[in-house]
Structure formats: structure tokens, C-alpha cells
Amino acid sequence: MKGTVLVQLRDQGSFLRRLVINVCLISSFAYFLPACQQSAQRSTKAAAEHIDFLADLASQQQGLVQQGLPQGASLLQELFREAGAEEPDYQSAQRELRRARWSTPALQQAKTDFYVLTDATGKILRNNLEQDTMAGQALFQFYPALKGASKSPFAFGVGSMKDARGVKGRDDAQWMAASPIYLDKKLVGLVATGWSWSTFAERLESKLRAEVLEHLERGENLPLLYVYIVDHGQV
């Protein structure tokens, strides 16, 4: 029997988005053989436990970003001070993005895919990746909710940006968060971070498999497990 855990995230108006979970158990014989029906019942119970496990992991990751990103933003003030009236250069911006991440304990633990530095208008100046194809693009065009970071310490939202996707050659969407960077009480830029849903689902699936494997009884086989994230009707 194949067990599929379908994780659906919906906006609920607060930072830690409530996870609305559906479990879909797929079996060719579960409706015909009593033994398979019993197996399906056991799988349903196990899947419910897996859902709690996955929901906790997702909430922990979002919480780490919320805690750490404003701290990381404060470490980027000097980058803009040194740049003066000019934009921070690519090399300095990339170096300071990496330093801000690894100097902030919560961000060290947060498994985000990339970090982005923008100017005050949301124009992307640099990311922390070796291949930077995001530079010059308008962050708010892809993630309008991040405009809120100019008025609060933290904002987040979902959107879809080709250069942030986790799967090459296929559509993907991302969860992104941003915090403002102030210099002498003036907004000079934003720092943003996030993950693509495809890579986030892979991480959750890997964690779930490790958790299940740890609790298998002797002689039991690891079940076939998948984790999907559904965002606005897209898997």
C-alpha cells in the first residue's frame, strides 16, 4: 500500500499560518479485501501522527525566520553606511548577507533557500548565491505582501519568481519573508529570505522518513511516503 500525506497551507491571518491537512491513502485493494481495510486503518492513524510531526516542523521553521530576520537586518546597516549615496557593490553585499545569516543563531537553524538584499524601493541588489540572476528585479512584483516590511519589523507572503524556483524547467512558488534595514531612522533597504515549496516539501519528506525509520519495529519495512504542499490550488 502506498501512503500519501498531502499538506495544504492556507492563509489564516496570523504569522504562523495554520496548516490545513488532508490525508489521501491510495490502495488498489483496500475496498475489496478485509486485510487491506485493516492496513488502511493503521495507515490512516499513522498518517495523522505524521501530520502533527510535519506541522510542528513547518511552524518551527517559520518561527525561526520571524525571530532571526530582524536581527539579521540590523547587521546590514553598516553595509549601507559604507556605501553612502551609492548602492552597495555586489561583492560586499553578498559577503554581508552571508555574515548576517551565519551570525544570527535563529537564521543558522532556518532552512531557507536564499537571502536577498534590496534597496528601499524593493529593487533586488544581490542574493547570497553564487549565481545571482535575481539582481535588478523588483521584489514586490513577485511578492506584493513584502511591501509591509517598510512599516513593520517583519512581513511575509507567497508568490512565484522564476529565478527562485527549486525545480528547473517547471513552475514553482515560494514563501518569502522580509525585514527593513534602517540607517539613522531612514529606510535604506530590505533583507528577504525564503524557500521554494518544492525544496521545502523535500525537506519535510526527508525528516518524516527519518522519523518513521527510527520507530520501525524489527522486520517492518519503511512505507512509501510522499509530502506534497498545495498552495492556491497548485501542487
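What you see is a predicted model, and the numbers here were worked out from it, not measured in a lab.

Chemist: Just to check I follow, could you spell out the sheet that holds strand E3 (residues 114-119) for this structure?
Modeler: Think of a sheet as strands paired side by side through backbone hydrogen bonds, with each pair either parallel or antiparallel. One open sheet holds the 5 strands; their spatial order is E4-E3-E7-E6-E5, and the pairing between them is antiparallel. The sheet is open, and its two edges are formed by strand E4 (124-127) and strand E5 (155-159), each paired on a single side. For this sheet, the mean angle separating the axes of adjacent strands, direction not counted, is 25 degrees. One ladder, built from 3 bridges, connects E3 with E4; its direction is antiparallel. Of the residues in E4, the one forming a bridge with valine 116 is asparagine 127. Contacting E5, strand E6 (174-183) and strand E7 (186-196), helix H6 (residues 197-214) crosses the sheet at an angle of about 55 degrees to E7.

Chemist: Please explain the side chain of glutamine 174 as it appears in this structure.
Modeler: Along the polypeptide, glutamine 174 turns up in strand E6. There is a polar contact of 2.8 Å between the side chain of glutamine 174 and the backbone nitrogen of methionine 161. Sequence-distant contacts of glutamine 174, defined by excluding residues within four places in its chain, comprise Phe114, Tyr143, Gly157, Val158, Gly159, Ser160, Met161, Ala164, Arg165, Trp195, Ser196 and Trp197.

Chemist: How should H6 be read in this particular structure?
Modeler: The periodicity of an α-helix, 3.6 residues per turn, causes residues three or four positions apart to be oriented the same way. An ideal rise of 1.5 Å per residue puts 26 Å on 18 residues; H6 measures up with 26 Å between its terminal C-alpha atoms. Among the residues of H6, those classed as buried are Trp197, Ser198, Thr199, Phe200, Ala201, Leu204, Glu205, Leu208 and Val212.

Chemist: Please explain the nonpolar core as it appears in this structure.
Modeler: Nonpolar side chains in soluble globular proteins tend to be buried together. Residues Val65, Leu76, Leu117, Ile181 and Val191 are the most contacted members of the largest nonpolar core, which totals 38 residues. Element by element, the count of residues in this core is highest for helix H1 (residues 34-74), at 7 residues. Phe114, Phe140, Met176 and Ala192 belong to the second-largest nonpolar core, a separate cluster that totals 17 residues.

Chemist: Sorry, what's going on with the pattern of salt bridges here?
Modeler: Side-chain pairs of opposite charge can arise whenever the charged atoms involved come near each other. According to the stated counting rule, one finds 9 salt bridges in the structure shown. A salt bridge links arginine 203 to aspartate 113; its shortest N-O distance comes to 2.4 Å. Within this pair, whereas arginine 203 is found in helix H6, its partner aspartate 113 is found in the loop between helix H4 (105-109) and E3, the two being separated by 90 residues in sequence. Here arginine 203 falls in the partly exposed class, since its relative accessible area comes to 29%. One continuous salt-bridge network, built from bridges that share partners, spans Glu78, Arg81 and Asp184.

Conventions we followed
Residues numbered from 1 in each chain as written. Predicted model: local features only at pLDDT ≥ 70, side-chain atom pairs only at ≥ 80, totals over all residues. Heavy atoms only, no water. Pairing = 2+ DSSP bridges. Helix = DSSP H or I, 4+ residues; strand = E, 2+ residues; numbered from the N terminus. Axes fitted to C-alpha atoms, helices over the stretch in contact; angles between N-to-C directions. Contact = heavy atoms within 4.5 Å. Polar contact = N/O pair within 3.5 Å; in protein donor to acceptor, adjacent residues only side chain to side chain. Expected span 1.5 Å × (residues − 1). Buried < 20%, exposed > 50% of the residue type's maximum accessible area, 1.4 Å probe, protein only. Core = buried A, V, L, I, M, F, W, Y, C linked by side-chain atoms within 4.5 Å. Salt bridge = Lys/Arg side-chain N within 4 Å of Asp/Glu carboxyl O.

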